[in-house]
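Here is what each chain is made of, one letter per residue.
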Amino acid sequence: MAVFSSARGALIGLLLPLCASAQAPDSGLPLDSLLRVAVADNPALAVARLHADALGTRAEQVSARPNPTVGVTAFPAPILTARGAQQAQVRVEQRFPWPGTLRLRAEAAALRAEAAEARSEVYALDVALAVKTAYVDLAHVQATRRHVEAFQLRLAAFAEAAMERYEVGRGPQSAILQIQLARKRLTARLLQLDAEASRAFQRLARLLDRPSLTAFNTVPLASLRTRAVGGVAVDSVLAQRPENDALEARVAQAEAEATLVRKARYPDLGVNVTYFNISDRAVPASADGRDAFALGVTMRIPLDRIRQRAQAEEARLRMAEAEAERAALATEITTTLADLRAQLRNEAAQIALHTDRLLPQADAIVTSVLAAYATGQADHLALLDAERTRLDLRLALDAARARYARALAALERTLGTPPTRTELGALNDE
């Protein structure tokens, strides 16, 4: 019994600190800092913003008045006119689009740039969601690894106790072999977790545009606070979504383009001045040999009605397309909100069930079986089964917290929450 007592003391002495340290919070780079970096430095988002900025310069381009044209005509053999022999003529012409055309072109170009800017804001929300998801995945993998490592250390204590029992003839050798096999399987699990953590971390590095980012520890999902999610009016969500701003800009752009098509039915006007160079030599008796000027007006006649009708139809269809997308967006918001609310309620119930009932019961069972094992009243299989059950429940709790966090991040994306704000900031609270 002295051997059993020493084995029991060693086993309990190893397990109690592990049980305490398994719940110790970790520290790391805050999520809000990652979001700020991603929104500022994400390369694809920078491309979208530059595209919008480039389109912003189009309004000044398309609203500029057409350049004047200059024509020069020389006569190798001078033409005799009533004023004398004409040697050359110079013609300068300025074309003027129909009134209001340039303003409409500038308006349509500005609306196109506004839609592109709204789409860049949409992409910023997508980048923020990707950062949150990668962060949650990394935190989940690290939490799983902590539990697996803690269980691996417990198995080391079990192996020591099983060896002592085997040496005094009170335990089977199979107990040692089964514990060693379980430890090796945990080692394989750790290798898999390392690969998953690396993938999540590299996703973060890519989103942050930090290829040489140094690995950091994230905040454990154990500190995530669940909250009730009430109903939200779809119209209020639509007002916050940049997709809706982009659609409204597209509708207004299509309306401006439709007005432009109607303007195109009217002619463009041109004003010209022509200078005639008259020679003062060999002038007929009736001529004075002085140079002359002429003023003229030109008109561009829009006869291509087929093209104009096609442009009008395209503008109408683009307006209808934007309105259909707006309706589809409203439907997507309605169904996604209902789905996410259901997910959050389910995961919150799972978290509460594991935290309040299942894990306390598993802890009590492990304590009871551990005491029975130390006194020889329970075998190693009962102890391993109790420990595995507790490990599975802890992993299930972490998985529920991760699913809750992902659903919350998706809810923020659906609501159009600004990309640098997040309820997942509760991960930093203990």
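Owing to the predicted nature of the structure, the values given are computational and were not obtained by experimental measurement.

Residues and numbers for the overall build of the protein, please.
Tallying secondary structure elements over the protein gives 10 helices and 4 strands in all. If you list the helices and strands of the protein from N to C, you get α-α-α-α-β-β-α-α-α-α-β-β-α-α. The 430 residues of the protein split such that 40% are buried. Across the protein, the fraction of contacts at a sequence separation of at least 24, relative to all contacts at a separation of at least 6, is 84%. Surface accessibility of the protein: about 22,800 Å² in total, with carbon and sulfur atoms responsible for 56%.

Tell me about a negative patch on the surface, residues and numbers included.
On the surface, Asp53, Glu114, Glu117, Glu121 and Asp245 cluster together into a negatively charged patch. For Asp245, the position within the fold is in helix α8 (residues 242-263). Judged by relative accessible area, Asp245 falls into the partly exposed class, the value being 31%.

Residues and numbers for the environment of Arg36, please.
Mapped onto the secondary structure, Arg36 falls in helix α2 (residues 31-41). Residues Arg36 and Ala128, 92 residues apart in the sequence, show an inter-C-alpha distance of 9.0 Å.

Residue-level account of the packing of α8 against helix α9 (residues 305-374), with values.
Following both chains from N to C, one finds α8 and α9 inclined at 165°, their axes separated by 9 Å at the closest point. On the basis of the axis angle, α8 is roughly antiparallel to α9. Where α8 crosses over α9, the handedness of that crossing is left-handed. The segment α8 lies against α9, with Glu243, Asn244, Leu247, Glu248, Arg250, Val251, Ala254, Glu255, Glu257, Ala258 and Val261 engaging Gln308, Gln311, Ala312, Ala315, Arg318, Met319, Glu321, Ala322, Glu323, Glu325, Arg326 and Leu329.

How would you explain the pattern of salt bridges if you had to name every residue and give the values?
Considering all chains together, one arrives at 23 salt bridges under this definition. In this structure, the salt-bridge partner of Arg318 is Glu314, at a minimum N-O distance of 3.0 Å. With a gap of 4 residues between them, Arg318 and Glu314 both fall in helix α9, about one helical turn apart. Under the relative-accessibility criterion, Arg318 is labelled partly exposed at 40%. Linked through salt bridges whose partners overlap, the residues forming this network are Asp126, Arg241, Glu243 and Arg413.

I'd like to hear about the environment of Ala128, residue by residue, with values.
Relative to the helices and strands, Ala128 is located in helix α5 (residues 101-167). In this structure, the C-alpha to C-alpha distance between Ala128 and Leu34, residues 94 residues apart in sequence, is 9.0 Å. Excluding its chain neighbours within four sequence positions, the residues that come into contact with Ala128 are Leu35 and Pro419.

Mind laying out the packing of aromatic side chains, listing which residues take part and the relevant values?
Scanning the entire structure with this criterion turns up 1 aromatic pair. Between Trp98 and Tyr266, the aromatic rings sit 5.0 Å apart at their centres with planes inclined by 15°, giving stacked as the arrangement. In this pair, Trp98 sits in the loop between β2 (84-96) and α5 while Tyr266 sits in the loop between α8 and β3 (268-278), placing the two residues 168 residues apart along the sequence. Overall, the relative accessible area of 29% leaves Trp98 in the partly exposed class. Here Tyr266 falls in the partly exposed class, since its relative accessible area comes to 42%.

Break down the nonpolar core for me, citing the residues and quoting the values.
The biggest cluster of nonpolar side chains holds 65 residues, and the ones touching the most others in it are Leu31, Leu34, Val131, Leu155, Leu204, Leu411 and Leu424. The element best represented in this core is helix α10 (residues 380-415), accounting for 16 residues. If we skip the residues at most four places from it in the chain, Leu204 touches Leu34, Val131, Ala134, Tyr135, Leu138 and Phe216.

Give a detailed account of unusual backbone geometry, specifying residues and quantitative values.
Here Asp209, not a glycine, exhibits a phi torsion of approximately 60°, which is positive. Along the polypeptide, Asp209 turns up in the loop between α6 (173-208) and α7 (234-240).

Lay out the pairing of β3 in plain terms, naming residues and giving numbers.
Examined bridge by bridge, β2 and β3 share 10 bridges and lie antiparallel to one another. Of the residues in β3, the one forming a bridge with Gln86 is Ile278. Sheet topology note: the β3/strand β4 (residues 292-300) ladder contains 9 bridges and is antiparallel. When the sheet's bridge partners are listed, Asp268 is paired in β4 with Arg300.

Give me α9: which residues, what numbers.
Here α9 contains 70 residues, and its C-alpha end-to-end distance of 96 Å stays within 8% of the 104 Å for a straight helix at 1.5 Å per residue. If you look at α9, its biggest bend is around 45°, right at His354. In the segment just after α9, Gly376 is the residue with positive phi, at about 85°.

Could you give me a rundown of the sheet that holds β2, with the residues and numbers involved?
An order of β1-β2-β3-β4 is seen for the 4 strands of this open sheet, with the pairing classed as antiparallel. On the outer flanks of this sheet lie β1 (69-81) and β4, each paired with one strand and no other. Each strand of the sheet is rotated relative to its neighbour by a mean of 20°, with strand direction disregarded. With 9 bridges joining them, β1 and β2 adopt antiparallel strand pairing.

I'd like a description of α2, backed by residues and values.
Those residues of α2 that sit buried are Leu31, Leu34, Leu35, Ala38 and Val39. The arc that holds the buried residues of α2, viewed along the axis, is 125°, so those residues lie on one side.

Describe the packing of α2 against helix α3 (residues 43-56), naming the residues involved and giving the relevant values.
In contact at an axis separation of 6 Å, α2 and α3 are set at 45° when each is read in the N-to-C sense. On the basis of the axis angle, α2 is oblique to α3. Contacts between α2 and α3 involve Ala38, Val39, Ala40 and Asp41 on the former and, on the latter, Pro43, Leu45 and Arg49. Broken down by class, the residue content of the contact of α2 with α3 amounts to 5 nonpolar, no polar and 2 charged.

How each quantity is defined
- Residues numbered from 1 in each chain as written.
- Predicted model: local features only at pLDDT ≥ 70, side-chain atom pairs only at ≥ 80, totals over all residues.
- Heavy atoms only, no water.
- Helix = DSSP H or I, 4+ residues; strand = E, 2+ residues; numbered from the N terminus.
- Buried < 20%, exposed > 50% of the residue type's maximum accessible area, 1.4 Å probe, protein only.
- Contact = heavy atoms within 4.5 Å.
- Areas by Shrake-Rupley, 256 points an atom, 1.4 Å probe, with all protein chains shown as cover.
- Patch = residues over 30% accessible without salt bridge, like charges linked within 9 Å, V, L, I, M, F, W, Y side chains within 5 Å.
- Salt bridge = Lys/Arg side-chain N within 4 Å of Asp/Glu carboxyl O.
- Lys, Arg positive; Asp, Glu negative; His and termini not counted.
- Charge placed at Lys NZ, Arg CZ, Asp CG, Glu CD.
- Axes fitted to C-alpha atoms, helices over the stretch in contact; angles between N-to-C directions.
- Parallel < 35°, antiparallel > 145°, perpendicular 65-115°, else oblique.
- Left-handed = near helix turned anticlockwise from the far one by under 90°.
- Phe/Tyr/Trp six-rings, centres within 6.5 Å; stacked < 30°, edge-to-face > 60°.
- Core = buried A, V, L, I, M, F, W, Y, C linked by side-chain atoms within 4.5 Å.
- Pairing = 2+ DSSP bridges.
- Expected span 1.5 Å × (residues − 1).
- Bend = angle between axes of the 7 residues up to and from the residue.
- Arc of directions from axis to C-beta.
- Nonpolar A, V, L, I, M, F, W, Y, C, P; charged D, E, K, R; others polar.

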